[in-house]
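# A closer look at the structure
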Amino acid sequence: EPVICLGGNVLQFTVSSFSASEWGGTIATEVGMLINMSSFDISGGNLTGAIPTYIGKLVMLKTLNLGRNSLYGTIPSKIGALRKLSMLSLQNNKLTGTVPAQVANLNVLEYLLLWNNKLTGIIPKEFGDLVNLRYLSIGHNYFTGTMPPQLV
């Protein structure tokens, strides 16, 4: 089901790839008020604009999938506040800049997909602290330096 609510709180918001192409636009500011949501998936939703900093207010999120859109700008450091996140998927966008070190705060993160963006800089050494990380996809970016030894 695309939207699951409990007691008036949105717990899950998913757009299927079939209907995602009808979305478009930017991530609405109202999303920042859905603080009890555990899953936010708008992959392939024709989204544009930057990932808003208020995404960091969604502290109950376990899944954040914004892949296969046209999002640009940097990954907000506020993503580091999403401590329950087990899957972060931002692949196939137009994101630029460095990956914020705050991503290392996501200590239950299992899947990190940043593939096919325009990210630059070094891979933060703090990624080595992500002890639960099972899948890391960072190719097709402009990273420099070496991979933290814990991830090799």
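Residues numbered from 1 in each chain as written. Predicted model: local features only at pLDDT ≥ 70, side-chain atom pairs only at ≥ 80, totals over all residues. Heavy atoms only, no water.

### A few points about the pairing of strand β8 (residues 94-97)
In terms of strand pairing, strand β6 (residues 70-73) meets β8 through two bridges, oriented parallel. By the bridge assignment, Tyr72 is partnered in β8 with Lys94. Of the pairings in the sheet, the one linking β8 to strand β10 (residues 118-122) comprises two bridges and is parallel in character. Residue Thr96 lies in a different strand from β10, and its bridge partner there is Lys118. (Pairing = 2+ DSSP bridges. Helix = DSSP H or I, 4+ residues; strand = E, 2+ residues; numbered from the N terminus.)

### Section: the confidence of the model for the protein
Per-residue pLDDT for the protein has a mean of 87; in total, 85% of the residues score no lower than 70. pLDDT under 50 marks residues 15-20. Its contacts with residues more than four places away, or in other chains, come to nine contacts. (pLDDT = per-residue confidence, 0-100. Contact = heavy atoms within 4.5 Å.)

### A look at the nonpolar core
Grouped together as the largest cluster of nonpolar side chains are 34 residues, with contacts concentrated most on Leu64, Leu66, Leu88, Leu90 and Leu109. Discounting residues that sit within four places of it in the chain, Leu90 has contacts with Ile51, Leu66, Gly67, Ile75, Ile79, Leu95, Leu113, Leu114 and Asn117. (Core = buried A, V, L, I, M, F, W, Y, C linked by side-chain atoms within 4.5 Å. Buried < 20%, exposed > 50% of the residue type's maximum accessible area, 1.4 Å probe, protein only.)

### What to know about the sheet that holds β10
By definition, the strands of a sheet pair up through backbone hydrogen bonds, in either a parallel or an antiparallel sense. Sheet architecture is open: five strands sit in the order β4-β6-β8-β10-β12, paired in parallel fashion. On the outer flanks of this sheet lie β4 (48-49) and β12 (142-144), each paired with one strand and no other. Sheet topology note: the β4/β6 ladder contains two bridges and is parallel. Bridge pairing in β6 places Thr48 opposite Ser70.

### A look at the environment of Ser86
For Ser86, the location among the structural elements is in the loop between β6 and β7 (87-89). For Ser86, a relative accessible area of 22% gives the class partly exposed. Through-space distance from the C-alpha of Ser86 to that of Asn132 is 8.7 Å; in sequence the pair is 46 residues apart. Dropping the residues within four chain positions of it, Ser86 is found in contact with Lys62, Val108, Leu109, Glu110 and Tyr111.

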